[in-house]
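Structural overview
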Protein chains: 2
Amino acid sequence: MVSETAPPTLSTVASRAGVSRQTVSNALNNPELLRPETLDRVLGVIAEVGYTPNRAARQLRSGNSRLIGLRFEPAQEGTANALMDRFLHTLVESTRETGHQILLFSGDPEDPLDGYDDLLRSTAVDAFVLTDTYAGTPQAAWLQDRDAPFVAFGRPWDDPRAHHAWVDVDGAAGARLATAHLLEQGHERIGWLGWERSSRIGEDRRTGWKAAMSRAQKPTERLGGRLTDNADAARMAAHERIGIGATAFVCASDTMAVGVLRALEERGLRAGTDIGVVGFDDSAVAQVTGLSSVRQPLEDVAVEVVRLLHETLAGAPAPEQGTVLAPSLVVRGSSVSG
Amino acid sequence: MVSETAPPTLSTVASRAGVSRQTVSNALNNPELLRPETLDRVLGVIAEVGYTPNRAARQLRSGNSRLIGLRFEPAQEGTANALMDRFLHTLVESTRETGHQILLFSGDPEDPLDGYDDLLRSTAVDAFVLTDTYAGTPQAAWLQDRDAPFVAFGRPWDDPRAHHAWVDVDGAAGARLATAHLLEQGHERIGWLGWERSSRIGEDRRTGWKAAMSRAQKPTERLGGRLTDNADAARMAAHERIGIGATAFVCASDTMAVGVLRALEERGLRAGTDIGVVGFDDSAVAQVTGLSSVRQPLEDVAVEVVRLLHETLAGAPAPEQGTVLAPSLVVRGSSVSG
DNA sequence: GTCACGTGCTGGAACGTTCCAAGGCTAGAC
DNA sequence: GTCTAGCCTTGGAACGTTCCAGCACGTGAC
């Protein structure tokens, strides 16, 4: 059984410092109201007894919990995991500076709204961070309808009613970077291996490839592919396109890029020297296999999310425009000859 | 600005149902005290107005927050991340069933104790989960001294004073599995590539390799290596050992196993067919590169951690023995010929 | 000397819940 | 009919904080 002594309260500190409760409270929250010598004395006692305000009491009275809710989706093993991890780390780190903490919760996988309602009604969190606002997810609209503060990582693709703070990474720019890099390496027939048309993110990235190709006045017919996110599908698609003269590939994911590498092995071709390959997301796999890859600035995204959260909680209206951050290209052996 | 109507409280529900506050409270917390018809009526009103108890108030009065603290360390890019991710997902998922949620916090990287104290003194969390209790980390002893409830993922290697609930994965068994598998494949000179002697986890895994080898009466001289966790170090160590006749390798990490694969490429040898390789942790890299690997049952660890947490919070004394779970071996092409 | 004012501090009230002691009511025993 | 017991329900108190109104005191203006 736990036998610790009860933590000191405002009253404890107050009586030891010879002042009232309220004065101790002010010492912490409005120090400018105290005479310097009183302030010193009170802070001294606070330090001495190791007083820390009780969160529940503070939350009950003041109405905010200093907690940010984040629904942590059931894991799909793969790169998405690792991305989330990088994002989450910076999120935790930068909320520390605003005095907030991250509350992870889960919900019924069948119901994308499960969990939010409870936290909201029990006033357990001050705001939410959304991380999966691809087209069609209802969370943003639902929270917006309830005037619940939140910031989304991911733009509201085709919801004109959406009017909330968001941050996203410019996927088209990433694909453009990758394509331009391959063009610079002298490639002319550069293929695109991306996701199904239903993926807004995938289509966005695809436009980057298209734009870079057309600016360079290179053809794209039969070079673009829409596949499921799967190494084997990519392997086969790569074979087809190499057959019609493709000498390089930009892929919507590292998983697909790995499929291309397999195709090269099967043909006895060397990545980089013979065929250029660039993946997307700079996963551990890319780092280990020497795969060039587009890297999302997840750390910057997290910092920006926290900044917007701060503004939103301070009552600022949602910015007219969301923030779009540019990814970078990490060049490794798979896209340069030598 | 937020213009939502104030959430309903116990009193709201009480007056609408024509009962007292306390009766509504009992309807939720001690329903057996109410007459069935009263219970029905009250629950009806609760559902109708969408009442959810205010967390802060409940926490203030009852003294527990239903929150579990987890210090989320600054990311070191690599496999450790992905491991943590798998663990965390299941942790979040299974705490849902006990009505708890996970509070992530961070702290000064220089001070392994930073953050814990604040949460404890502000009574913000009911307990902690520790995830990095390798030899020499002070968190466990510190929490134990303060009678703070916690469960550790990782055993207290050499602290005889330690007396707390913990769960760990049997690293030696994992290495044994991998070694036995390679022996079955007909290998006799099987090398070990592990970490420095200072790593307790590394030494534990190493004993598994040693034990399997000596049981099969195979020599281990000059076949074991203690390196930094780095593909290039592993690559060089593999070359040396292949030079003295090693035909297979068990590695303490997938990163090292990738180093071995590189060495094989450089020699024109094929993994699986010519030289057997098994990694550790079943990372995304292993999955993509067809690397056999020892997989930690992180999901089971998380479930067990939550179970122990539950017991600890119910006042049960720490079990005499920690729980040690067995890993499994995921066989892929790198360890079987054909 | 009175009044107005600003500074520094105080004490009661309130946030919404659960604990606790006690009240009303019904039923059974005598 | 009275008493006792048990069931269901109630209202006051308390958790520890912050909000708010107000008090005591000293200073300067008239």
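Refer to the structure presented above.
All values reported here derive from a predicted model rather than from experimental measurement. (Residues numbered from 1 in each chain as written. Chains lettered and ligands numbered in written order. Predicted model: local features only at pLDDT ≥ 70, side-chain atom pairs only at ≥ 80, totals over all residues. Heavy atoms only, no water.)

From N to C terminus, chain A includes 13 helices and twelve strands. Taken over the C-alpha trace, chain A has a radius of gyration of 26 Å; the compact-globule value for 338 residues is 20 Å, which it surpasses by more than 25%. Along the first, second and third principal axes, the C-alpha atoms of chain A reach 85 × 45 × 45 Å. For chain A, the residues scored as buried account for 50% of the 338 residues in total. In chain A, 67% of the contacts between residues at least 6 apart in sequence involve partners at least 24 apart. (Helix = DSSP H or I, 4+ residues; strand = E, 2+ residues; numbered from the N terminus. Rg over C-alpha atoms; globule rule 2.2 N^0.38 Å. Buried < 20%, exposed > 50% of the residue type's maximum accessible area, 1.4 Å probe, protein only. Contact = heavy atoms within 4.5 Å.)

The next point concerns the interface of chain B and chain A. Taken together, the 54 residues of chain B in the interface contact 54 residues of chain A. Both faces combined, the contact of chain B with chain A buries some 4,900 Å², and carbon together with sulfur accounts for 58% of it. Ionic pairing is found between R96(A) and D114(B), a salt bridge with its closest N-O pair at 3.7 Å. Taken together, the links from chain B to chain A amount to 16 residue pairs in polar contact (both at pLDDT 80 or more). For the side of chain B that touches chain A, the leading source of residues is helix α5 (residues 79-98) of chain B, giving eight residues. Classifying every residue of the side of chain B that touches chain A by side-chain character gives 23 nonpolar, 15 polar and 16 charged. Two elements, strand β2 (residues 101-105) of chain A and strand β2 (residues 101-105) of chain B, share three bridges in a ladder whose sense is antiparallel. Within the sheet, the bridge partner assigned to I102(A) lies in β2(B) and is L104(B). (Buried area = accessible area lost by both parts, 1.4 Å probe. Salt bridge = Lys/Arg side-chain N within 4 Å of Asp/Glu carboxyl O. Polar contact = N/O pair within 3.5 Å; in protein donor to acceptor, adjacent residues only side chain to side chain. Nonpolar A, V, L, I, M, F, W, Y, C, P; charged D, E, K, R; others polar. Pairing = 2+ DSSP bridges.)

With respect to spatial proximity, 24 residues lie near DNA strand D, and among them L10(A), Q22(A), S25(A), Y51(A) and T38(B) are the closest. Near-protein atoms of DNA strand D (within 4 Å) split between backbone and bases, with sugar and phosphate holding 60%. For DNA strand D, a phosphate oxygen lies 3.0 Å from a polar atom in the side chain of R58(A). For DNA strand D, a phosphate oxygen lies 3.2 Å from a polar atom in the backbone of R35(B). Broken down by secondary-structure element, the contributors of at least two residues to the surface near DNA strand D are α2 (21-29) and α4 (55-62) of chain A together with α2 (21-29) and α4 (55-62) of chain B. (Near = heavy atom within 4 Å.)

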